[in-house]
Amino acid sequence: EAGVTQSPTHLIKTRGQQVTLRCSPISGHTSVYWYQQALGLGLQFLLWYDEGEERNRGNFPPRFSGRQFPNYSSELNVNALELEDSALYLCASSLGLMGANEQFFGPGTRLTVL
Amino acid sequence: SQKIEQNSEALNIQEGKTATLTCNYTNYSPAYLQWYRQDPGRGPVFLLLIRENEKEKRKERLKVTFDTTLKQSLFHITASQPADSATYLCALDTYGGATNKLIFGTGTLLAVQP
């Protein structure tokens, strides 16, 4: 069974640019979660999508947005990139409510903002 | 304010010994607590989940305890091996039904010396 996949693996952007990250969940999982992991910091919850709807978001500005497609894959968009957006962006999927079920993480996308 | 704390300093132990990692939290009342392993540059991998009404959970060489009175979880690795060296993250759910989310600690780096 294929795990969670993310693309691209690495990205280098400059301040002010926009970026789109992609995630495909495990087959059968309808929930997708996005996290940001900056150097030295823990995983920060960004967004939760389920059945095509945004269910919850963390304490991030509106320039962080995303969507979930009918096939449950998801995109994370970050506009007006800032230096502090440099981080590992992780996508995860699960079978049900995230607390009660393990999350399966993808390998992440390493974003560097110059 | 709500906080999850894990040992910020690395834990160094000798191969064969038991590693004990601590996760303390304040101002949360989680129904579930999870532990993950993360290797450098990779996504976390789920290890164990324990419910608020469970005191202890075991899986092979791993053991987790959950004390809701002390607001603490302990994660033990018995007969540790160099391959156990990684960062270990605890995560707990924030109760809220459809809007709940998983909050991660910053992790503890475990180094097992041969």
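Before any of the text, the structure's been laid out above.
Described below are features of the structure shown in this document.

About the cut-offs
- Counting starts from 1 at the beginning of each chain's written sequence and moves along it residue by residue.
- Chain letters start at A and ligand numbers start at 1, both assigned in the order the entries are written.
- A pLDDT threshold of at least 70 governs which residues receive local features in this predicted model, and a stricter bar of 80 or more applies before side-chain atom pairs are shown or counted, although totals over entire chains, interfaces and linings include all residues.
- The side-chain values count all of the structure's non-hydrogen atoms but skip hydrogen atoms and water molecules.
- By definition, residues are in contact when any of their heavy atoms lie within 4.5 Å.
- Accessible-area loss on putting two parts together, using a 1.4 Å probe and summing over both, is the definition of buried area adopted here.
- Under the rule applied, a polar contact is a pair of N or O atoms within 3.5 Å (in protein, one hydrogen donor and one hydrogen acceptor; residues adjacent in sequence only if both atoms are side-chain atoms).
- Secondary structure elements follow DSSP: runs of H or I of four or more residues count as helices, runs of E of two or more count as strands, with numbering from the N terminus.
- We call Asp, Glu, Lys and Arg charged. Ala, Val, Leu, Ile, Met, Phe, Trp, Tyr, Cys and Pro are nonpolar, and the rest, Gly among them, are polar.
- The term salt bridge refers to a side-chain nitrogen of Lys or Arg lying within 4 Å of a carboxyl oxygen of Asp or Glu.
- Only protein chains enter the area calculation, which uses a 1.4 Å probe; residues under 20% of their type maximum are buried, those over 50% are exposed, and those in between are partly exposed.
- Whether two strands pair comes down to DSSP finding at least two bridges between them.
- Under this scheme, a helix contributes an axis fitted over its contacting stretch, all axes are lines through C-alpha atoms, and angles between N-to-C directions fall in the 0 to 180 degree range.
- Cysteine sulfur atoms are paired as a disulfide whenever they fall within 2.5 Å.

### Topic: the interface of chain B and chain A
Okay, so step 1: At the junction of the two partners, chain B supplies 21 residues and chain A supplies 22 residues.
Okay, so step 2: When the two sides are added together, the surface that chain B and chain A hide from each other amounts to roughly 1600 Å², 57% of it contributed by carbon and sulfur.
Okay, so step 3: Our enumeration of links across chain B and chain A arrives at three residue pairs in polar contact (both at pLDDT 80 or more).
Okay, so step 4: Only strand 4 (32–38), strand 5 (45–51), strand 9 (86–94) and strand 10 (101–104) of chain B provide two or more residues apiece to the side of chain B that touches chain A.
Okay, so step 5: Within the side of chain B that touches chain A, the residues separate by chemical class into nine nonpolar, nine polar and three charged.

### Some details on the pattern of salt bridges
Okay, so step 1: Counted according to the given criterion, the structure contains eleven salt bridges over all chains.
Okay, so step 2: Here A:Arg63 makes a salt bridge to A:Asp85, at a shortest N to O gap of 2.7 Å. Separated by 22 residues along the polypeptide, A:Arg63 in the loop between strand 6 (53–57) and strand 7 (64–68) and A:Asp85 in the loop between strand 8 (74–78) and strand 9 (87–94) bring together distant segments of the chain.
Okay, so step 3: Take A:Arg63: its relative accessible area is 15%, and that puts it in the buried class.
Okay, so step 4: Take A:Asp85: its relative accessible area is 2%, and that puts it in the buried class.
Okay, so step 5: A salt bridge links B:Glu56 to B:Arg58; its shortest N-O distance comes to 2.9 Å.
Okay, so step 6: Through salt bridges with shared partners, a single ionic network connects A:Arg22, A:Arg67 and A:Glu75.

### A closer look at the sheet that holds strand 1 (residues 5–7) of chain A
Strands pair in a sheet through their backbones, by hydrogen bonds, and they do so in one of two ways: parallel or antiparallel.
All names here are of chain A.
Okay, so step 1: Strand order in the open sheet formed by four strands is 1-3-8-7, with antiparallel pairing between adjacent strands. The open sheet has two free edges, formed respectively by strand 1 and strand 7, since each of these has just one partner strand. For this sheet, the mean inter-axis angle between neighbouring strands, taken without regard to orientation, is 20°.
Okay, so step 2: Pairing geometry for strand 3 (residues 19–24) and strand 8, over five bridges, is antiparallel. Paired with leucine 21 across the strands is leucine 76, a residue of strand 8.

### Things to note about the environment of B:Thr18
Okay, so step 1: Here B:Thr18 is to be found in the loop between strand 2 (11–14) and strand 3 (19–26).
Okay, so step 2: Among the residues examined, B:Thr18 registers a relative accessible area of 43% and is labelled partly exposed.

### Some points on the state of the cysteines
Okay, so step 1: Enumeration over the complete set of coordinates arrives at two disulfides over all chains.
Okay, so step 2: Each disulfide pairs two cysteine sulfurs, and for A:Cys23 the partner residue is A:Cys91, the sulfurs being separated by 1.8 Å. Negative torsions about the S-S bond denote left-handed disulfides, and the value of about -60° found for A:Cys23 with A:Cys91 makes this one left-handed. Linking A:Cys23 in strand 3 with A:Cys91 in strand 9, this pair joins segments that are 68 residues apart in sequence.
Okay, so step 3: Residue class for A:Cys91 comes out buried when judged on its relative accessible area of 0%.
Okay, so step 4: The disulfide partner of B:Cys23 is B:Cys90, and the S-S distance across this bridge is 2.0 Å. What sets the handedness of the B:Cys23 and B:Cys90 disulfide is the S-S torsion sign, and at about 65° it is right-handed. With a gap of 67 residues between them, B:Cys23 in strand 3 and B:Cys90 in strand 9 connect regions that are remote in the sequence.

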